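# Close look at the chain arrangement
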Amino acid sequence: MKKITEKAYAKINLLLDILSKRPDGFHDLRMIMQTIELHDLVTVERGTGDGVVLTCSDPTLPTGENNLAVQAARAFLSATGVPCDGISIHIEKCIPSQAGMAGGSSDAAAVLRALWALYDEPCHKKELERIGETVGSDVPYCVRGGTVLAEGRGEILTNLPAMNPCSVVVCKPDFDISTPELFGRVRVARILHHPDTVNMIKCIEEQGLSRICTCVENVFETFLAEEQKTKIEDIKKELLTAGALCAQMTGSGPAVFGLFDDCKSAERGASKLKKLYSQVFLTNMV
Ligand code: C5P
């Protein structure tokens, strides 16, 4: 086998809490992550004889050493010691970038999974999460996927029961948020209300979507600039008016998701938002 195409799924944060700033500059987090069907397609080929080469369907994205997919390939080669006989990566991009949906991390994770298979499983599969950790905080989760509690920097993972599938509408407004910049605005002492992670986990175990929806929360929303906050609130209002059981920003934003227990309302919500925003996706939980 010389070539593999992997689905690189996007994620949403059902819950995101920031606990403390660490001496290493990172923050200790507590997040409940959920994989959604929206995905990029990552094709990896080995034996191309020419280092690590990345191409991407989106010409605005960097394809050099600062792309996480290239960094993942380098981290894989260095951790496993397999000889590089030329790796070519192509990404067909669908997940919006700088949206809080782990698009770049998910592509990196897909590269790790593909290389692991292409190089005949040179390490234990669990090792891929550890290699992913050296590439980015969200990469270990993206290697694993599903419904997961992520703690520490994001690399300490505990599987939760899979959520019952439901319709998800995601809308990315027309501005980007840089994750390091938003983390830079965080002052943990200013977080007056921390999400109830224990209760959220209980609701997930009991599989009640409407109860889960009462627990969704993302403390990053506290630290948005006023103008950003207004734009996020506008999308939330549209989603809730369309019948979403909850609406919330995902990760460091600015994409906003709504969860629906009925696909007709989700379709109506998505088509209404499409009249106002260029990046709207009607998708499902995986
Ligand atoms: O790990 P990653 O490279 O994705 O992180 C990007 C930036 O986000 C870090 O440089 C750091 O500023 C911030 N970050 C953080 N705490 C985390 C994860 C990321 O402060 N747990």
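Residues numbered from 1 in each chain as written. Predicted model: local features only at pLDDT ≥ 70, side-chain atom pairs only at ≥ 80, totals over all residues. Heavy atoms only, no water.

### Overview of the sheet that holds strand E9 (residues 246–249)
What the four strands build is an open sheet, ordered E9-E10-E7-E11; its pairing is antiparallel. In this open sheet, the two strands that pair with only one neighbour each are E9 and strand E11 (279–284). Adjacent strand axes in the sheet meet at a mean angle of 20 degrees, parallel and antiparallel pairs treated alike. Summarising the sheet, strand E7 (residues 167–172) and E11 pair through six bridges and their orientation is antiparallel. When the sheet's bridge partners are listed, valine 169 is paired in E11 with leucine 282. (Pairing = 2+ DSSP bridges. Helix = DSSP H or I, 4+ residues; strand = E, 2+ residues; numbered from the N terminus. Axes fitted to C-alpha atoms, helices over the stretch in contact; angles between N-to-C directions.)

### Quick word on the side chain of serine 265
Within the secondary structure layout, serine 265 lies in helix H9 (residues 263–274). Judged by its relative accessible area of 8%, serine 265 is buried. Within the structure, the side chain of serine 265 is placed 2.2 Å from the side chain of aspartate 262, a separation counted as a polar contact. The residues contacting serine 265, other than those within four sequence positions of it, are Ala242 and Phe260. (Buried < 20%, exposed > 50% of the residue type's maximum accessible area, 1.4 Å probe, protein only. Polar contact = N/O pair within 3.5 Å; in protein donor to acceptor, adjacent residues only side chain to side chain. Contact = heavy atoms within 4.5 Å.)

### Describing the site of the ligand
Close to the ligand lie Gly25, Phe26, His27, Leu29, Gly136, Ser137, Arg153, Thr179, Pro180 and Phe183. For the ligand, an oxygen atom lies 2.8 Å from a polar atom in the side chain of histidine 27. Measuring from a nitrogen atom of the ligand, one finds a backbone N or O atom of arginine 153 at 3.0 Å. Starting from 450 Å² of accessible surface for the ligand in isolation, the protein chains cover 71%. (Near = heavy atom within 4 Å. Areas by Shrake-Rupley, 256 points an atom, 1.4 Å probe, with all protein chains shown as cover.)

### Some words on the packing of aromatic side chains
Under the counting rule described, the total for this entry stands at two aromatic pairs. For the ring pair phenylalanine 76 and tyrosine 119, a centre distance of 6.1 Å and an interplane angle of 45 degrees mean the geometry is tilted. Here the residue phenylalanine 76 occupies a position in helix H1 (residues 68–80), and tyrosine 119 occupies one in the loop between helix H2 (103–118) and helix H3 (127–133), the gap between them amounting to 43 residues. For phenylalanine 76, a relative accessible area of 0% corresponds to the buried category. Geometrically, the ring pair formed by phenylalanine 183 and phenylalanine 220 is edge-to-face, given 4.9 Å between the ring centres and 75 degrees between the ring planes. (Phe/Tyr/Trp six-rings, centres within 6.5 Å; stacked < 30°, edge-to-face > 60°.)

### Some remarks on the state of the cysteines
Enumeration over the complete set of coordinates arrives at zero disulfides. Sulfur of cysteine 56: no disulfide; nearest cysteine sulfur belongs to cysteine 94 and is 10 Å away. Summary of cysteine pairing: cysteine 123 is not part of a disulfide, and the nearest cysteine sulfur, belonging to cysteine 84, is at 16 Å. (Disulfide = S-S within 2.5 Å.)

### Structural notes on the environment of isoleucine 201
As for its placement among the helices and strands, isoleucine 201 is situated in helix H6 (residues 197–206). Here isoleucine 201 falls in the buried class, since its relative accessible area comes to 16%.

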